[in-house]
Amino acid sequence: MWDMKLKGEVTNLIPVSRYLPKPWLEHVLYARKGFAQSKPDAVRRTVRAVVQATNFIRDNRDWTIAKMRQIYRYSQATAEKVY
């Protein structure tokens, strides 16, 4: 979608961000109550891993853009915009 947006082939009809609570969370983790109660260590490790990965992506812009280009075949402009 970003490639088409950058080329001017599509436009936003309604920016959903106007209707979302502020600040809006982009990622939400869920666990079944029974799993969270029976395996609290697994839940903690998962949350820690997601936070570490998010921090790595935030702190390593060039690496992240290169990975997006490699994996998703984004153009440089698209990868930079998505980042």
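Here the structure is a predicted model, which is why all the values come from computation and not from measurement.

Parameters at a glance
- Residues numbered from 1 in each chain as written.
- Predicted model: local features only at pLDDT ≥ 70, side-chain atom pairs only at ≥ 80, totals over all residues.
- Heavy atoms only, no water.
- Helix = DSSP H or I, 4+ residues; strand = E, 2+ residues; numbered from the N terminus.
- Buried < 20%, exposed > 50% of the residue type's maximum accessible area, 1.4 Å probe, protein only.
- Contact = heavy atoms within 4.5 Å.
- Phe/Tyr/Trp six-rings, centres within 6.5 Å; stacked < 30°, edge-to-face > 60°.
- Patch = residues over 30% accessible without salt bridge, like charges linked within 9 Å, V, L, I, M, F, W, Y side chains within 5 Å.
- Areas by Shrake-Rupley, 256 points an atom, 1.4 Å probe, with all protein chains shown as cover.
- Salt bridge = Lys/Arg side-chain N within 4 Å of Asp/Glu carboxyl O.

A. Representation of the side chain of T64 in the model. Tracing the backbone shows T64 in helix 4 (residues 61-72). Looking at T64, the relative accessible area reads 7%, which means it is buried. If near-sequence neighbours (up to four positions away) are discounted, T64 is found in contact with I57 and Y83.

B. The packing of aromatic side chains, seen in detail. Summed over the entire model, instances satisfying the criterion amount to 2 aromatic pairs. The interplanar angle of 80° and the centroid separation of 5.0 Å between the aromatic rings of F56 and W63 together place this pair among those described as edge-to-face.

C. Spatial organisation of the environment of V43. Position of V43 among the secondary structure elements: in helix 3 (residues 40-59). Owing to a relative accessible area of 25%, V43 belongs among the partly exposed residues under this scheme. Taking the C-alpha atoms as reference, V43 lies 43 Å from E9; in sequence the two are 34 residues apart. The contacts of V43, once residues within four sequence positions are left out, are F35 and A36.

D. Focus on unusual backbone geometry. Phi angles above zero are rare outside glycine, and R73 is one such case at about 60°. By secondary structure assignment, the location of R73 is in the loop between helix 4 and helix 5 (76-82). Judged by relative accessible area, which is 69%, R73 ranks as exposed.

E. Geometry of a nonpolar patch on the surface. Nonpolar side chains collect at one region of the surface, where L29, V47, V50 and V51 lie side by side and expose about 290 Å² of accessible area between them. Structurally, the position occupied by L29 is in the loop between helix 1 (2-6) and helix 2 (33-38). Judged by relative accessible area, L29 falls into the partly exposed class, the value being 48%.

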